[in-house]
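Structural overview for review
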Amino acid sequence: MGTPDVSVLVAVYNTMPYLRTCLDSLIGQSIGLDRLEVIAVDDGSTDGGGAVLDQYAERYPDQVRVFHQPNSGGPAAPSNSALDQARGRYVFFIGADDYLGVEALERLVDAADRWGSDVVLGRMVGTNKRYVHQDVYAETRERIDLFDSALPWSLSNTKLFRRELLERHGLRFRTDMPMGSDQPFTLQACYHAAKVSVLADDEYYYAVKRDDAQNITYASNFEERLRCAEELVSFVAGLIEPGSRRDAVLLRHFSWEVAKLLRAEFLDLAADAQQHVQERIRALARAYLTDGILAAMAPALRLRLAVARDAELERLRELIGQQAVKTLPEVVVEDDRWYARYVGFRDPSLGYPDEWYDVSGQAAKVMAGMDATGLEWGRDASGARALGVTARSRWMALADIGTTVRVSLGGVTGATSVQPDESGMVVRTNFVVDRLLVEAAANGVRQAVTTHVTAPTGTGSALLRAGRGLAAPRLLAWRGLRCYLVSPIINRKGQVVVAIAPVTPRRVLARLSRIWPPGGK
C-alpha cells in the first residue's frame, strides 16, 4: 500500500458497543479504502473492544492496524502512539464512541488540498443530547483566524491536520492531563497553521453522548476538572503573549472550564474544599483575568469570577446560590432600567459598575413568568362559556405603565385584565370555549397556556406554571354535531395545559372497557 491520503487515529478504552459503529463509519468512507488507513490503539480495554479491533484488522489487513498497550489513564498516550505510527499526508482523530458522515474524509481532504489548509474543521454535531458548540460552523470559510473567530470554543482534536505541520513542530498530547489533553495540542496546531478552514455545509462528525455517561468529558471528577482548567490557562499564557490575542483564547477557558467550577455543585463540597477551590481560582483570575476578558464575558459568568477573585467565600457561596435558582433576586428600578441585587451590587468595597447588574433586557421575560392560582369554568362578559385562568406576578408591580400583558392558548388569545393586589399583580384571562374548539384539530390538541409581556425594555414570554393542587373539572362541549372533552391539567413539568379531545364511539368504548373490563368484576 502506498502513502495514504489520511490516517484516522482512534484511541480506544472501553467504548463497546459504540466502537463497532465508529469503525464501520470509517471503513464505509467514500474516500475509498485505498486512500485510507485506520490506526487504533487499545489502551487496555476490558470490555472486549480489543478483540473487536483485531477482528477488523484481520478483515481489512491493508487498512486497519491495531496496537495494544496497558491502560495509561487517559486518551493522550494512545493518541500519541497512534500518531507515531501514522503514514498519511493528513491525520484525523476520532473518539472511539463517535462516528463520521459517509463523505466526511473525502470532502475534508479535498478542501485541504484545494485550499492548502493545515487544519480543516468539518461541522460537528452532538447526538443523544450531547452539547457541541456550533458558532464556528456558522458558514464554510476557506480561512478563519484563531483570535478573531469562534475557533477557541472548538478546540477538540476531532479535525483534519496536515501531518507535516504536526511533525515540524513536534506536536503531541500531554500525558500529564487525564482530561483536556487535546486542547493544548489543537491550540498549538491552529496557532502554527498557515491556514485553518471550516466546512459547514454538512454534518461531518457525530459526537455521541453515551447512555452510561462515561465519555471522559462527563465522567471526570471535580479535582480533575480544576487541574485541567489551571493547566489550560497556564498553557495559553505560556504560548501567547499578553494582549488581545491571548484574551481571545482565555475568554473561552475562563468562561467554560473555570466558571463551570462555580456552579451549584460547588455548594455540595465541604467548606474546606470550597475554600481550596476558590483560592486556586482566585490565583488564576488575579494572574490572567484581564479587564478585556471580563468585558467580553456573559454577565453571570463575569460576576461569578469577579466575586471569586475579590470577595470572601461566604459571599461567593451566596452569589452561586442566587444564580442557581434561575430567578432574579430583589430588583431596583431606576429610569426604566432594572438592576438585580446580586452579591456586590453597589458595594463600595468591590466597586463593580451598575452595568454588571443591569437585567433590563430580561425584564419582560421575567414579568412573563407567572404562577397560576385559579382554574375555573364560567362565563365571559358576553355570557359565553369560558375557561377562567388567574395568575399572579410579583414582578408586574415594577412594570412601567406602558407594559402590556397577553395570555394565549395555542392560536387563541384570551381576554385579559391586570389588577394590583397587596403583593404584586393579578392577571385574569378568559378563554371562550367555542374559540378553543375552532383551533382543535380533528384528532384533538394539547396546548400550554403562555403569558406574553411587552415592556419598554423589550418583549418576553413564558409558559404558565402551577402547583400540583390546582385543578378544574373536565368539560363536555359541542361544536356543531361534534362533541369534545376539554381538560385543564397541570403536566409533569408544572405547566398549565389544556387538552381537547373529540368524543368518539371508539374512545367511549375504550374508556368503558377500562372501567368494566370483560369478564372482570
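What counts and how
- Residues numbered from 1 in each chain as written.
- Predicted model: local features only at pLDDT ≥ 70, side-chain atom pairs only at ≥ 80, totals over all residues.
- Heavy atoms only, no water.
- Helix = DSSP H or I, 4+ residues; strand = E, 2+ residues; numbered from the N terminus.
- Buried < 20%, exposed > 50% of the residue type's maximum accessible area, 1.4 Å probe, protein only.
- Areas by Shrake-Rupley, 256 points an atom, 1.4 Å probe, with all protein chains shown as cover.
- Axes fitted to C-alpha atoms, helices over the stretch in contact; angles between N-to-C directions.
- Parallel < 35°, antiparallel > 145°, perpendicular 65-115°, else oblique.
- Left-handed = near helix turned anticlockwise from the far one by under 90°.
- Contact = heavy atoms within 4.5 Å.
- Nonpolar A, V, L, I, M, F, W, Y, C, P; charged D, E, K, R; others polar.
- Phe/Tyr/Trp six-rings, centres within 6.5 Å; stacked < 30°, edge-to-face > 60°.
- Salt bridge = Lys/Arg side-chain N within 4 Å of Asp/Glu carboxyl O.
- Pairing = 2+ DSSP bridges.
- Patch = residues over 30% accessible without salt bridge, like charges linked within 9 Å, V, L, I, M, F, W, Y side chains within 5 Å.
- Lys, Arg positive; Asp, Glu negative; His and termini not counted.
- Charge placed at Lys NZ, Arg CZ, Asp CG, Glu CD.
- Bend = angle between axes of the 7 residues up to and from the residue.
- pLDDT = per-residue confidence, 0-100.

All right, on to the overall build of the protein then. Scanning the protein from terminus to terminus reveals 16 helices and 24 strands. Overall, the C-alpha framework of the protein stretches about 85 × 75 × 45 Å when taken along its three principal axes. Classification of the 521 residues of the protein by burial places 51% in the buried group. Put simply, the protein shows about 24300 Å² of open surface, and 49% of that area lies on carbon and sulfur atoms.

Running from N to C, helix α6 (residues 182-192) and helix α9 (residues 244-258) cross one another at 160°; their axes reach a closest spacing of 14 Å. Between α6 and α9, the angle falls in the class roughly antiparallel. α9 is crossed by α6, and the crossing has right-handed handedness. For the pair formed by α6 and α9, the contact residues are Gln183, Leu187 and Tyr191 on the first element and Arg245, Val249, Arg252, His253 and Glu257 on the second. Residue composition of the contact of α6 with α9, grouped by class: 3 nonpolar, 2 polar and 3 charged.

To continue, consider the packing of aromatic side chains. All told, the structure shown has 13 aromatic pairs when counted by the stated rule. Relative to Phe173, the ring of Phe93 has its centre 5.2 Å away and its plane inclined at 80°; by these criteria the two rings are edge-to-face. Taken together, the residues span a long stretch of sequence, with Phe93 in strand β4 (residues 90-95) and Phe173 in the loop between α5 (163-168) and α6 at a distance of 80 residues. One exposure class covers both Phe93 and Phe173, and it is buried.

Quick look at the side chain of Gln495 now. Within the secondary structure, Gln495 sits in the loop between β23 (482-490) and β24 (496-502). Judged by its relative accessible area of 18%, Gln495 is buried. The contact partners of Gln495, leaving out residues within four places of it in the chain, are Leu463, Leu464, Arg465, Ile489 and Ile490.

Once that is clear, we can look at the environment of Phe345. As for its placement among the helices and strands, Phe345 is situated in the loop between β13 (337-340) and α14 (363-368). Once the C-alpha coordinates of Phe345 and Leu146 are considered, the two residues, 199 residues apart in sequence, prove to be 35 Å apart. Excluding anything up to four places from it in sequence, Phe345 contacts Val332, Tyr339, Ala340, Asp354 and Tyr357.

Bringing the pattern of salt bridges into the picture now. When charged atoms on two side chains of opposite charge get close, those side chains can pair. Under the definition given, this model contains 31 salt bridges. Residues Arg465 and Asp371 are paired through a salt bridge, measuring 3.2 Å at the closest nitrogen-oxygen approach. Taken together, the positions of Arg465 in the loop between β21 (458-463) and β22 (475-479) and Asp371 in strand β14 (residues 371-379) put the pair 94 residues apart, joining distant regions of the chain. In this structure Asp371 comes out as partly exposed when scored by relative accessible area, which is 39%. A cluster of three or more residues bridged by salt bridges with shared partners is formed by Asp5, Arg35, Arg89 and Asp113.

Taken together, 8 strands build an open sheet; the order of strands is β3-β2-β1-β4-β9-β6-β10-β8 and the sheet is mixed. One side of each edge strand has no neighbouring strand; the edge strands of this open sheet are β3 (64-69) and β8 (141-144). Averaged over all adjacent pairs, the angle separating strand axes in this sheet is 25°, with direction ignored. In terms of strand pairing, strand β6 (residues 119-122) meets strand β10 (residues 196-199) through 4 bridges, oriented parallel. Bridge pairing in β10 places Val120 opposite Ser197. Here helix α2 (residues 49-59) sits on the sheet and contacts β1 (6-12), β2 (36-43) and β3; the angle it forms with β3, its principal contact strand, is near 155°. Here helix α4 (residues 104-115) sits on the sheet in contact with β1, β2, β4, β6, β8, β9 (160-162) and β10, set at roughly 140° to β10.

Strand order in the open sheet made by the 4 strands is β14-β15-β19-β18, with antiparallel pairing throughout. The sheet is open, and its two borders are formed by β14 and β18 (415-421), each paired with just one other strand. Neighbour-to-neighbour, the strand axes of the sheet open up by a mean angle of 20°, direction not taken into account. For strand β15 (residues 385-393) and strand β19 (residues 424-432), the ladder comprises 8 bridges, and the chain directions are antiparallel. Directly across from Ser393, in β19, lies its bridge partner Met425.

Where α9 contacts helix α10 (residues 271-288), the axes come no closer than 12 Å and their chain directions differ by 165°. For the element pair α9 / α10, the angle class is roughly antiparallel. In the packing of α9 onto α10, the handedness of the crossing is left-handed. Contact residues: Arg246, Leu250, Phe254 and Val258 in α9; Ile281, Leu284, Ala285 and Tyr288 in α10. Considering only residue class, the contact of α9 with α10 consists of 7 nonpolar, no polar and 1 charged.

So, on to a positive patch on the surface. Residues Lys129, Arg446, Arg468, Arg492 and Lys493 make up a contiguous surface patch of positive charge. Considering the arrangement of structural elements, one finds Arg446 in strand β20 (residues 445-455). A residue is classified by how much of its surface remains accessible, and Arg446, at 56% relative accessible area, is exposed.

A maximum bend of about 30° is found in α9 at Leu250. Counting buried positions along α9 gives 12 out of 15 residues, so the element sits mostly inside the fold. Where α9 is concerned, the buried positions are Arg246, Asp247, Val249, Leu250, Leu251, Arg252, His253, Phe254, Ser255, Trp256, Glu257 and Val258.

This brings us to the confidence of the model for the protein. Overall, the prediction assigns the protein a mean pLDDT of 91, with 93% of residues at 70 or greater. Low pLDDT (under 50) marks residues 215-219, which in the prediction has 15 contacts with non-local residues, meaning those over four places away or in another chain.

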